[in-house]
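# Architecture and fold: a report
The residues making up each chain are set out below.
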Amino acid sequence: MPQPGPGPQGPEAAARARITVDSPGAMQALGRSIAGLLRPGDLVLLTGELGAGKTTLTRGLGEGLGVRGAVTSPTFVIARVHPPLGTGPALVHVDAYRLGGGLDEMEDLDLDVSLPESVVVVEWGDGKVEELSDDRLHVVIARAVGHEEVLDDVREVTVHGVGARWAAPDALAGLRAAG
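Residue numbers run consecutively from 1 along every chain, following the written order of its sequence. Whole-chain, interface and lining totals are the exception, using all residues; otherwise, since this is a predicted model, local features are given only for residues with pLDDT of at least 70 and side-chain atom pairs are given and counted only at 80 or more. To obtain the side-chain values, all non-hydrogen atoms of the structure were included, while hydrogens and water were left out.

The name an unreviewed UniProt entry gives the protein chain is tRNA threonylcarbamoyladenosine biosynthesis protein TsaE, with Streptomyces globosus as the organism. UniProt positions are given in the numbering used here, feature names are shortened, and annotations may be inferred rather than shown by experiment. Listed under Subcellular location (unreviewed entry) in UniProt, the entry text for the protein chain is "Cytoplasm". Note on the protein chain: under the UniProt heading Sequence similarities (unreviewed entry), the record states "Belongs to the TsaE family."

Dropping the structure here:
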């Protein structure tokens, strides 16, 4: 069950959910579940080691938002825009891994222009794009610790809501079904 508590940026985080996923399919399903909570203007920051499942989760977000195009890692292009198939928001998928600077270096991407009508997902965005929005989701994906042969695909996903948009302790309650 989601639990309130301080998030990665301190006490301004209001809602928190912890979900265990045991396969790439479950990670994609979690992305679809998170998409059900999102609306235009939302910023989502994804943190996790290489291969943790950030792009897989984003693929599920794209499915849940109903966007056009295959969601793949934007590592070499920095950002991809997936327009909506219907009336929903576009998905802007950014990989900030190779960007050393903060928001100044990302200014050319015009994320601040895209944000009001899109859902912007930034892999490796911690410490780089928080200034884009006072309201955001921080999603941290960690490999489960244990016997590698058993837990190889198991991930512990923590979702922190930050700001007034996510102030209600039950703001992430819809994620329970995905875990």
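The discussion continues.
All right, on to the overall build of the protein chain then. Per the convention used, a helix needs a DSSP run of H or I reaching at least four residues, while a strand needs a run of E reaching at least two, with both numbered from the N terminus. When helices and strands are counted, the protein chain shows five helices and seven strands. Ordered by position in the sequence, the α and β elements of the protein chain form the string β-α-β-α-β-β-α-α-β-β-α-β. Only protein chains enter the calculation, and the probe is 1.4 Å; a residue is then buried if its accessible area is under 20% of its type maximum, exposed if over 50%, and partly exposed in between. Put simply, the protein chain has 179 residues, and 49% of those count as buried. Any pair of residues with heavy atoms lying within 4.5 Å of one another is described as a contacting pair. Sequence separation of 24 or more characterises 65% of the internal contacts of the protein chain that already satisfy a separation of 6 or more. The Shrake-Rupley method, run with a 1.4 Å probe, gives the accessible areas here. Residue values count only the displayed protein chains as cover. Split by element, the accessible area of the protein chain, about 8,400 Å² in all, is 52% carbon and sulfur.

With that out of the way, let us pick up the pairing of strand E5 (residues 118–123). Burial within E5 is extensive, with six of its six residues counted as buried. Across the two faces of E5 the burial is the same, with Ser118, Val120 and Val122 and Val119, Val121 and Glu123 all buried. For two strands to count as paired, DSSP must find a minimum of two bridges between them. Bridge count between strand E2 (residues 43–47) and E5: four bridges; the pairing is parallel. Within the sheet, the bridge partner assigned to leucine 45 lies in E5 and is valine 122. In this structure, strand E4 (residues 90–95) lies alongside E5, joined through six bridges in parallel fashion. Along E5, the bridge assignment pairs aspartate 95 with glutamate 123.

Turning to helix H1 (residues 24–35), a few remarks are in order. Over its 12 residues, H1 extends 17 Å from the first C-alpha to the last, a length consistent with the 16 Å expected when each residue adds 1.5 Å. Listing the buried residues of H1 in full gives Ala26, Met27, Gln28, Leu30, Gly31, Ser33, Ile34 and Ala35. One less than the residue count of a helix, multiplied by 1.5 Å, gives the span that helix is expected to have.

So, about the pattern of salt bridges. A pairing counts as a salt bridge when a side-chain nitrogen of Lys or Arg comes within 4 Å of a carboxyl oxygen of Asp or Glu. For the coordinates displayed, the defined rule picks out three salt bridges. Between aspartate 42 and arginine 165 there is a salt bridge, and its shortest N-O distance comes to 2.7 Å. One end of the pair, aspartate 42, is in the loop between H1 and E2; the other, arginine 165, is in the segment after strand E7 (155–162), and 123 residues separate them in sequence. The same class applies to aspartate 42 and to arginine 165, which are both buried.

On to helix H2 (residues 54–65). One turn of the α-helix equals 3.6 residues, which is why residues spaced by three or four share an orientation. Compared with the 16 Å implied by 1.5 Å per residue over 12 residues, the 16 Å span of H2 between its first and last C-alpha is a close match. Most of H2 sits out of view: nine of its 12 residues are buried. All buried positions along H2 are accounted for by Lys54, Thr55, Thr56, Leu57, Thr58, Gly60, Leu61, Gly62 and Leu65. Turning to H2, the residues buried within the fold contact H1, E2, E4, E5 and strand E6 (136–143). Of the residues trailing H2, glycine 66 is marked for its positive phi of about 70°.

We now examine the pairing of E6. Where E2 meets E6, five bridges bridge the pair, whose relative direction is parallel. What sits directly across from valine 44, in E6, is leucine 137. Where E6 and E7 come together, eight bridges link them in antiparallel fashion. Residue pairing in the sheet places arginine 136 in a bridge with valine 162 of E7.

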